[in-house]
Amino acid sequence: MQTLSVDLGDRSYPIFIGSGLLQQARLQPYIKGNQVMLVSNTTVAPLYRELVCKGLSQIDVDEVILPDGEAYKDMQHLNLIFDQLLARRHNRTTTLIALGGGVIGDMTGFAAACYQRGVNFIQLPTTLLSQVDSSVGGKTGVNHPAGKNMIGAFHQPVAVVADTAVLQTLPDTELSAGLAEVIKYGLIYDADFFAWLESNVQALRNKDEQALAYAIYRSCEIKAELVALDERESGVRALLNLGHTFGHAIETHAGYGQWLHGEAVAAGTVMAADLSCRLGWISRADVDRIERLFKAAGLPVKPPKDMTPEQFCTLMSVDKKVMDGRLRLVLLKAIGQAVVTAEFEQAALMQTLNGGV
Ligand SMILES: NC(=O)c1ccc[n+]([C@@H]2O[C@H](COP(=O)([O-])OP(=O)(O)OC[C@H]3O[C@@H](n4cnc5c(N)ncnc54)[C@H](O)[C@@H]3O)[C@@H](O)[C@H]2O)c1
Ligand SMILES: [Zn+2]
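First, a word on scope: everything that follows refers to the structure included in this document. (Residues numbered from 1 in each chain as written. Chains lettered and ligands numbered in written order. Predicted model: local features only at pLDDT ≥ 70, side-chain atom pairs only at ≥ 80, totals over all residues. Heavy atoms only, no water.)

### Some thoughts on the sheet that holds strand β4 (residues 60-66)
Here comes step 1: Taken in spatial order, the seven strands make up an open sheet running β1-β2-β9-β6-β5-β3-β4, and their pairing is mixed. The sheet is open, and its two borders are formed by β1 (2-6) and β4, each paired with just one other strand. Strand-to-strand, the axes of this sheet are offset by a mean angle of 20 degrees, without reference to chain direction.
Here comes step 2: Of the pairings in the sheet, the one linking strand β3 (residues 35-41) to strand β5 (residues 95-100) comprises four bridges and is parallel in character. By the bridge assignment for β5, V36 is matched with T95.
Here comes step 3: Sheet strands in contact with helix α2 (residues 75-87) are β3, β4 and β5, and its direction is about 160 degrees off that of β4.
Here comes step 4: Lying over the sheet, helix α7 (residues 209-229) contacts β1, β2 (13-18) and β9 (159-163), oriented at roughly 15 degrees with respect to β1. (Pairing = 2+ DSSP bridges. Helix = DSSP H or I, 4+ residues; strand = E, 2+ residues; numbered from the N terminus. Axes fitted to C-alpha atoms, helices over the stretch in contact; angles between N-to-C directions. Contact = heavy atoms within 4.5 Å.)

Structure, rendered in structure tokens:
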């Protein structure tokens, strides 16, 4: 097992990474009272809730099992968690446990941020995306019909346990979607890690647990570093959004659920790389390298064919990163080095949106 720490003063917490960790009852030290509310969904609960409950044998575990899907990441289903907490008379020393992917993690974290003005929660992420990204950093929330993740709070967990063994049951498309974020870390921060991914992408897709553990470790390490520097995303944390402005536009255009988030991020990142190349910052050979790695990871590298530059512009102008009316993008100065900038020529952006025409 490997351990990392997210250093945030008195809100610091450990991330444990390894095979079979859910079985090893690592949660007890992070539960302060004698009440626990396990939150999961109808897909993950039948697979792993027994394992988690076995490790908590001294405690009466209550649970909420939500329907599976992004469509249920809303206020109505969040309320089911509050209903159960109140019905079972949970007090301020209760601990919420999120067992599932990013949807369950975000909702449980937000419920923990709000319930009695804030209670503890533990993340047990079960998708690659949630193990490398959403379980770390304390962003929690739900969707509103007018926008994704628009209702939320910063609330850090007290511990994150990433068990690589649970990834064996994860569908391949979901694994690939998680790899998009892993590749992102290499691109923004660590050229050596990017090169390691080029050599190990097949092992990762084959769910080799050692390769997965290293990829998760390095990804969390990079995210933890950026979060510790900038918890509330007023600066350097924004680099984590590489490919996301283009990607969110693709997700919205296609309709939520049509493209997985990681798939949209992959195509969006290739667009960001293409624009960086047009600005003369990286070479065409770098762009090709990036495209090859996403393809090898089983991810799309082009936006939907029916999506026009005008549609991109409209959708991108509502992005959260637009400040003072200027579109800011995360772009690449090199493989392993990203910047947030509004300093790019509109004409170059239009060429990228036109697919190079
Ligand atoms: N908080 C953050 O910083 C942050 C960062 C990135 C993404 N997110 C959020 O995360 C969500 C996406 O997360 P996700 O990609 O994990 O999707 P998800 O939670 O919907 O999980 C994907 C699918 O895999 C299933 N699943 C999960 N674990 C499994 C397992 N071990 N075996 C078999 N099936 C399993 C789920 O039931 C679901 O059907 C989005 O809502 C996004 O907004 C949050
Ligand atoms: Zn993302």
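Moving on, there is more to tell.
### Examining the pattern of salt bridges
Here comes step 1: One pass over the full model with this rule turns up 19 salt bridges.
Here comes step 2: The salt bridge partner of K207 is D172, with a shortest N-O separation of 3.9 Å. Separated by 35 residues along the polypeptide, K207 in the loop between α6 (191-205) and α7 and D172 in helix α5 (residues 172-189) bring together distant segments of the chain.
Here comes step 3: Using a relative accessible area of 11% as the deciding quantity, one classes K207 as buried.
Here comes step 4: We classify D172 as exposed; its relative accessible area is 54%.
Here comes step 5: R278 is the salt-bridge partner of D274, the closest N and O atoms lying 2.8 Å from each other. (Salt bridge = Lys/Arg side-chain N within 4 Å of Asp/Glu carboxyl O. Buried < 20%, exposed > 50% of the residue type's maximum accessible area, 1.4 Å probe, protein only.)

### Structural notes on the packing of α5 against helix α9 (residues 261-278)
Here comes step 1: Direction vectors running N to C along α5 and α9 enclose 40 degrees, while the axes themselves pass 7 Å from each other. Once α5 is placed against α9, the crossing between them reads as left-handed. On α9, the residues touching A177, A180, E181 and L187 of α5 are H261, G262, V265, A266 and T269.
Here comes step 2: When grouped by side-chain class, the residues that make up the contact of α5 with α9 number five nonpolar, three polar and one charged. (Left-handed = near helix turned anticlockwise from the far one by under 90°. Nonpolar A, V, L, I, M, F, W, Y, C, P; charged D, E, K, R; others polar.)

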